[in-house]
2 protein chains.
Amino acid sequence: MGTAIGEGETRKPPGMTDVAQAAGVSPQTVSRVLSGHANVRPETRARVLAAVERLGYRKNSAARILSSGRSRTIGVVNLQTAFYSRLNLTFGIENAARAAGYSVSIASTASLDTSAVEEALSRLADQSVEGVILAIPLIHVSPRIEQLTGSLPTVTVDGSRTPASEVVAIDQSQAARLATRHLLDLGHETVWHVSGPGEWLDAVNRIDGWRETLEAEGRTVPPILKGDWSPSSGYRNGLILGRIPEVTAVFAASDEMAFGVIRALHELGRRVPQDISVIGVDDIALAEYCSPSLTTVAQPFEEMGTLAVDHLLRHINEPGAAHEPTSVEPELVVRASTAPVGAASGTH
Amino acid sequence: MGTAIGEGETRKPPGMTDVAQAAGVSPQTVSRVLSGHANVRPETRARVLAAVERLGYRKNSAARILSSGRSRTIGVVNLQTAFYSRLNLTFGIENAARAAGYSVSIASTASLDTSAVEEALSRLADQSVEGVILAIPLIHVSPRIEQLTGSLPTVTVDGSRTPASEVVAIDQSQAARLATRHLLDLGHETVWHVSGPGEWLDAVNRIDGWRETLEAEGRTVPPILKGDWSPSSGYRNGLILGRIPEVTAVFAASDEMAFGVIRALHELGRRVPQDISVIGVDDIALAEYCSPSLTTVAQPFEEMGTLAVDHLLRHINEPGAAHEPTSVEPELVVRASTAPVGAASGTH
DNA sequence: AGAACTATTGGCATCGATAACATTCTCTGC
DNA sequence: GCAGAGAATGTTATCGATGCCAATAGTTCT
């Protein structure tokens, strides 16, 4: 308005009607071509595609969703913390979904508060996702969460459960058993544990696996040191562990905490692995490249993401069918932060 | 069908019409209440809200988008690699967008291939996003990319440009200058550089900043060692650097590479920081907790995400206005991996 | 050749919300 | 007491694609 000479101007993008007109067919036929329907003469199809190309037509997903009632989108509830490991889970989900022709909508929540989680789920529901993957540990399932997940196919990937959700998980107690047994096999009398926060099912399961393994072998079960997954919590606990002479083996519930522990031990003059062996969980990219390189238990996160999508889509497409929980196995990766007890090379 | 007793059954979710009926008003009034329109009697509003609550009404965003023409969604193109740093960028974007009432749709691409990027942009365009944040380095801007971004408000956050896009960036050459000068200030004769891959503008800018600083001081500019951001590429280059006696200071273009370098030096028996100082860029969470803790240049990624969203929304809401590029400043964080030259404490 | 199909295509209603316009109602001010 | 402004609410058309059903064209079979 006013002096504008009206350059380009945002002219309305073409719709199916326009394409249909350009190709000399009905909009319906255009729709059939675009959704890959079978019964269309090759020649007609070609003509339509040409018109699509020429006009630069792009499908309007809002209209498609409204009309068809299917959004071809799945939602993921994620925790907004920079845990390396979780990232791969999301990638696995994205790739698997894309391969199946679905898109992914992510709702991150900054905390595990019931209300924050509700809000995230709510956002997803508003986007009419066809199903949800809960990639967070649900401690307390509020009525509202139950209601939201109840009306939507849901898969949880951390072992927590809501009524009517499927579970895909990494066997965390197995991860803990692998770690603990590895240290016992190296001749350590017992294994100390720096755990994750109690609200995380992963953390609890790892504690269980660790304790069971020790008990099965008749070893003393030392008191647990609590961390919060962060390097700094590992450091804090490391400063404690390093002051206890009898400690020779530590199982940290995450690689990042393991690094913190190692650093603290180092500052206290206790060598890893000669004086104390430390093992983590996750196998982050840096595990191999810090000093010493970290022995850890690798978690197949990406694979788990794929699996979760498979389950979810099956659940979406054949509602009635019940599917049993699935779990994938972690794997021990031995590097340089663990050693046989008393392996001290020189000093002391 | 068959023996089913017909439990619950998926009855159609309520729509505005249902709510309107229940509240004894017209659908239009319901719409007004829900979109916070002013002219509604408080009593009516209350009645509507009660009905919404009672029926468990949820808005249908597809219908809303179709009808209003606005999706209130912005798209982000991300690279699907587990770089710690980028994660915070996404969080910053998500939070800022949410605060402004927008949702975020993420399209990850596994590579920087033109076709992969086109595909990602295409996916976003199909979701009728109102604008796009390109969080990837665009080397080659294909005609198709130009076309896609041309018709959509776009902000790039790594310094690369498309015609008609805005730029928000961290001043990478400044980051490099900080790092290089820090090492020179410590008395090192010159600084060697392990760079990022040439397709990344960040990497190129860091190289420039590094070179400029050296030249400004009249120092020799050593040959560049090329990495790919990964710890293993740092390690590989570290094995080379460690064999060159004159090397006393290394500037790695990322923390992860820095760790790789340090590990390699360690294996070659060269001590950090006594024999060689190493500095990184990013300030990842582990930087403080590895041994030695890493001196680095911190990048305010989250802030940058917020800024990018601000720009994008302004761009969306007032099309004509041109906004100038903005850049945010990195910050030097001194820890234990750098030391004055010749600071060797004991040995050798 | 006529019936019975099948492959292809078109017409129309519809999904659920909003925009634009029309209407009713309620106060002012003179 | 009545015109006129403005608030509150209702009516109708519309967004763009798909589902369902009908119509036409082309084939096969007896």
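Note that the structure is a prediction, hence the values are computed from the model and not measured.

What follows covers the environment of B:Leu79. All names here are of chain B. Mapping Leu79 onto the fold places it in strand S1 (residues 73-79). Separated by 31 residues in the primary sequence, Leu79 and Ala110 have C-alpha atoms spaced 6.0 Å apart. If near-sequence neighbours (up to four positions away) are discounted, Leu79 is found in contact with Thr109, Ala110, Ser111, Leu112, Ile136 and Trp200.

Moving on: the packing of aromatic side chains. Note on aromatic pairs: each is described by the distance of the centres and the angle between the planes. Applying the stated criterion across every chain, the model contains 4 aromatic pairs over all chains. The interplanar angle of 85 degrees and the centroid separation of 5.7 Å between the aromatic rings of A:Trp200 and A:Trp229 together place this pair among those described as edge-to-face. On the criterion of sequence distance, the pair formed by A:Trp200 in the loop between strand S6 (192-195) and helix H9 (201-216) and A:Trp229 in the loop between strand S7 (225-226) and helix H10 (231-241) is long-range, its members being 29 residues apart. Grouping residues by exposure puts A:Trp200 and A:Trp229 together as buried. Taking 5.6 Å as the distance between ring centres and 55 degrees as the angle between the ring planes, the aromatic pair formed by A:Tyr289 and B:Tyr235 counts as tilted. Of the two residues, A:Tyr289 sits in the loop between strand S9 (277-282) and strand S10 (295-298) while B:Tyr235 sits in helix H10 (residues 231-241), which places them in two different chains. Under the relative-accessibility criterion, B:Tyr235 is labelled partly exposed at 22%.

In this structure the tally under the stated criterion is 25 salt bridges over all chains. A salt bridge links B:Glu217 to B:Arg181; its shortest N-O distance comes to 3.6 Å. With a gap of 36 residues between them, B:Glu217 in the loop between helix H9 (201-216) and strand S7 (225-226) and B:Arg181 in helix H8 (residues 172-185) connect regions that are remote in the sequence. When the shortest N-O distance is used, the salt bridge between B:Arg263 and B:Glu267 registers 3.1 Å. Linking B:Arg263 with B:Glu267, this pair stays in helix H11 (residues 255-267), spanning 4 residues, or about one helical turn. In this structure B:Arg263 comes out as buried when scored by relative accessible area, which is 12%. Here the salt bridges do not stand alone but share partners, grouping A:Arg41, A:Glu43 and A:Arg47 into one network.

Before going further, it helps to spend a moment on the nonpolar core. Within the largest apolar cluster, 84 residues are counted, with the highest numbers of intra-cluster contacts made by A:Val250, A:Val278, B:Val250 and B:Val278. Ignoring sequence-local partners within four residues, the contact set of B:Val250 consists of B:Leu183, B:Val191, B:Trp192, B:Val194, B:Leu241, B:Val261, B:Ile276, B:Ser277, B:Val278 and B:Ile279.

Glancing now at the domain arrangement of chain A. Interfaces are often sized by the amount of accessible area the parts lose when they come together. Looking at chain A, the domain boundaries give domain 1 (16-59), domain 2 (72-170 + 301-328) and domain 3 (172-298). Placing the centre of domain 1 of chain A and that of domain 2 of chain A at their C-alpha centroids yields a distance of 36 Å.

With that out of the way, let us pick up helix H5 (residues 84-99) of chain B. Residues and elements named next belong to chain B. Its 16 residues give H5 an end-to-end C-alpha distance of 24 Å, which sits within 8% of 22 Å, the value for a rise of 1.5 Å per residue. Of all the 16 residues making up H5, 12 are buried; the element is thus mostly covered by neighbouring parts of the structure. Buried residues of H5: Tyr84, Ser85, Arg86, Leu87, Leu89, Thr90, Phe91, Gly92, Ile93, Glu94, Ala96 and Ala97, and no others. Phi turns positive one or two residues past the end of H5, at Gly101, with a value near 80 degrees.

So, about the relation of the copies chain B and chain A. Of the transformation placing chain B onto chain A, the axial shift is 0.0 Å and the rotation is 180 degrees, giving an RMSD of 0.1 Å. What the superposition gives is, in effect, a two-fold axis relating one chain to the other. If distances are taken from each C-alpha of chain B to the rotation axis, the shortest is found for B:Ala62, at 2.3 Å. Comparing interface residues between copies, 100% of those in chain B also lie at the interface in chain A; the contact surface is shared.

So, how was this worked out
- Sequence positions are assigned chain by chain, starting from 1 and proceeding in written order.
- As they are written, the chains are lettered A onward and the ligands numbered 1 onward, keeping that order.
- Whole-chain, interface and lining totals are the exception, using all residues; otherwise, since this is a predicted model, local features are given only for residues with pLDDT of at least 70 and side-chain atom pairs are given and counted only at 80 or more.
- Values reported for side chains reflect all heavy atoms of the structure, with hydrogen atoms and water molecules removed beforehand.
- The numbering of helices and of strands both runs from the N terminus, where a helix is a DSSP run of H or I of at least 4 residues and a strand a run of E of at least 2.
- The contact criterion used is simple: two residues touch if any of their non-hydrogen atoms lie within 4.5 Å.
- Centres within 6.5 Å are what make two rings of Phe, Tyr or Trp a pair, Trp counting through its six-membered ring; a difference in plane orientation under 30 degrees is then read as stacked, over 60 as edge-to-face, and the rest as tilted.
- The buried label applies to any residue whose accessible area, calculated with a 1.4 Å probe on protein chains only, is under 20% of its type's maximum; exposed applies above 50%, and partly exposed to all values in between.
- Each salt bridge in this description consists of a side-chain nitrogen of Lys or Arg and a carboxyl oxygen of Asp or Glu lying within 4 Å of one another.
- What is meant by a nonpolar core is a set of buried Ala, Val, Leu, Ile, Met, Phe, Trp, Tyr and Cys residues, joined one to another through side-chain atoms within 4.5 Å.
- Throughout the structure description, domain borders are defined by an automatic or database domain assignment.
- A helix's residues, less one, multiplied by 1.5 Å, set its expected span.
- The copies are overlaid by a least-squares fit using only the C-alpha atoms of residues whose pLDDT is at least 70 in both copies.

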